[in-house]
Each structure stands twice: as structure tokens, then as C-alpha cells.
Amino acid sequence: MNIRDLEYLVALSEHKHFRKAAEACYVSQPTLSGQIRKLEDELGVSLLERTSRRVLFTDAGLSLVAQAQKVLLEVKILTELASLQGESMAGPLHIGFIPTVGPYLLPQIIPTLKEAFPDLELFLHEAQTHQLVQQLEEGKLDCMILASVKESEPFIELPLYDEPMMLAVPETHQWAQEQEIDMSRLHGETLLMLEDGHCLRNQALGFCFAAGARDDGRFKATSLETLRNMVAAGSGITLLPQLATPKEHCRDGVCYIAAEHPQPTRLITLAYRPGSPLKSRYEKLAAAIKAKMPEIFEKHVQK
């Protein structure tokens, strides 16, 4: 048994398909299949059920996969310690982003990060919070940038910025020309929201419920752009994070209003595994992003 065998096993558990697992490991399907068979022979147990067209793991197989994931994570940490990568800003770095942050933050910080850390090779991964948390736990990600939520509490979180949410209404709405609106005026209103799985949905719902508003159960969006388009079509109103809004008060059929008393906000952080030898790297990365944020927010302040 070797580390590569464990990588094959974990890849097969993730993809549930021999060809896809082989492609992910950059080997041929016969190579991967043969190594899995050798692993079974070496351990003296069946890891897979071979009576089905689907890849099904036995109980022993599932137990070994769980242990293999832990071993691979420890190997990753050991490799990082041995190479002293934590003190340098060079080499690969896998960063996860949630969909309500990535499209609006990345284009504005990537040029800055490349200029500040030219030897850092960034790999960017977009997924919902629960998926990023799992990938960080398994060592597939080095760090993640997301809204601070309960799921991120087990990790070390470096604050990046507080992001206000703006009320988005159709340009024909009675509030369209207002610059600010008290959250209490949302009492009795129905708001469009993202689908389950987006942390922004739960955060926005919290502010809405506190104000006496509710979500529209007839529609759940998959992205902020879908929400924006629905508002433009006159289908309702919603809350959008400030970085997803333009500097203009109204654009493309949507008007953006500052919500106050209380101001709905979310804290965006950079999170990484406790004990990671790359701590210094994450701190430098977070400091560079944090220093850029005042300039970025200035582009979204209505005047």
C-alpha cells in the first residue's frame, strides 16, 4: 500500500466512476482498477461491490476511504512543513469562494494579488459553503473566502471586510427614488431569495424576519444575477450584497437603496485549517485583500 493507492481510492469514492476517477488522477482506467484490486488483495477485504454497474463501496471500503482522507491530509501538511512553504509566497495555492462573493470580488483583487505575489500560483474554486467546508476539511483547498457562518467556526478566520446589503427594487416601485430605507418598512413585504444552500439566503432571511418580512416561496434563485433579473422584470424586491450592486442608484431596471436601522451586513473572512503550516501565507494574503477593500467599496458607493 502506498500514498498513490489511497489517492486512487479516494478519487473513486468521490467520482463513483472508474473512468472519471482515473482522469482525475491522470492515469488510465486499467491502471486505477488494477491498483484498487491489488489493494483489496493486500488487505484481504473487498472494498467494492462488483455485482452492480454502479460503484458501490462495502462497509470496509467506506471505512478505509475515511481513513485514507485523513492520511492524505496529514501527508499534505507534512509536505508543506518540509518545504517551508508557509514562509514564502510562492507555489500553488487553492482558494475556495462562495458564488455570492467570487464573481464580484475576484476580478478586483486578482490583479493586485498577482502583482504583490508574482510567484504565487492561484487555483480558484467556486462552490457553496457546505461544499467548501468539506473540501477544506479534506485538504482539497488550502483556504476559502466566504461569509462567516456557523459552519466556518471550526476553522481559523481572518476578517476581510463587512459588506452591507442593499435593497433592490424595480425602477417602477414606489420606493425606487429613495436613497435610504428603514428596515421596519419591510414589515409585511415579500422578498425574493436565493435557493437553499447559499449562506446569503439564511443571512438575508434573518434580517427580513426580524423586520417582519418573509420570503417568496414560489421562487428561489440559483444566483444573484437571476435575482437581479427577476427584480428588473417587476417580480419582486430583494437584498443584494453591495459589491454586487453598481455605483448608480438605478441601472437596467433596478434601483438600489441603502437599508438602515439596522443595516443588514455580512462579515467576509478568509478561513483555513487550525495548525496549518501556511498560516503566515494566509495572513499576508488576507492583509493584501483587506488593504484593497476601501478602494473597491468606493466604486460601489452612490453619490
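Criteria and cut-off values
Here the residue index of a chain counts from 1 through its sequence in written order. Residues qualify for local features only when their pLDDT is at least 70, as the model is predicted, and side-chain atom pairs are given and counted only at 80 or more; totals for whole chains, interfaces and linings, by contrast, use all residues. Only hydrogens and water are removed before side-chain values are computed, so all heavy atoms of the structure are retained for them. Residue ranges labeled as domains rest on an automatic or database domain assignment. Buried area is a sum: the accessible area each of two parts loses on coming together, probed at 1.4 Å, counted once for each and added. Put simply, a salt bridge is a Lys or Arg side-chain nitrogen that is within 4 Å of an Asp or Glu carboxyl oxygen. The definition of a polar contact used here is a pair of N or O atoms within 3.5 Å, where within protein one atom must be able to donate a hydrogen and the other to accept one, and adjacent residues in sequence count solely through side-chain atom pairs. The helix count covers DSSP runs of H or I at least four residues long, the strand count covers runs of E at least two residues long, and both are numbered beginning at the N terminus. Throughout, the ten residues Ala, Val, Leu, Ile, Met, Phe, Trp, Tyr, Cys and Pro are labelled nonpolar, Asp, Glu, Lys and Arg are labelled charged, and all others, Gly among them, are labelled polar. Note on terminology: disulfide denotes any pair of cysteine sulfur atoms within 2.5 Å. Whether a residue is buried, partly exposed or exposed follows from its accessible area with a 1.4 Å probe, protein chains only, as a fraction of its type maximum: under 20%, in between, or over 50%, in that order. By definition in these notes, contact holds between two residues if any of their heavy atoms fall within 4.5 Å.

Considered domain by domain, the chain is made up of domain 1 (3-82), domain 2 (91-161 + 267-301) and domain 3 (163-265). The C-alpha-based centres of domain 1 and domain 2 are spaced at 29 Å. Summed over both sides, the interface of domain 1 with domain 2 buries roughly 670 Å², with 56% coming from carbon and sulfur. Applying the counting rule to domain 1 against domain 2 returns 1 salt bridge. Our enumeration of links across domain 1 and domain 2 arrives at 1 residue pair in polar contact (both at pLDDT 80 or more). Ranked by residue count, the leading element in the side of domain 1 that touches domain 2 is helix 4 (residues 59-83), at 6 residues. Looking at the side of domain 1 that touches domain 2, its residues break down into 3 nonpolar, 1 polar and 3 charged.

All right, on to the state of the cysteines then. Summed over all chains, the structure comprises 1 disulfide. Note that Cys-250 is cross-linked by a disulfide to Cys-255, the S-S spacing being 2.0 Å. Sign of the S-S torsion, about 105° for the bond between Cys-250 and Cys-255, identifies this disulfide as right-handed. The structure places no disulfide on Cys-199, whose sulfur is separated from the nearest cysteine sulfur, that of Cys-208, by 15 Å.

Glancing now at the side chain of Gln-108. Tracing the sequence through the fold places Gln-108 in helix 5 (residues 102-116). On the accessibility criterion, Gln-108 (16% relative accessible area) is buried. Here Gln-108 is in contact with Lys-292, Ile-296, Lys-299 and His-300, once residues within four sequence places are set aside.

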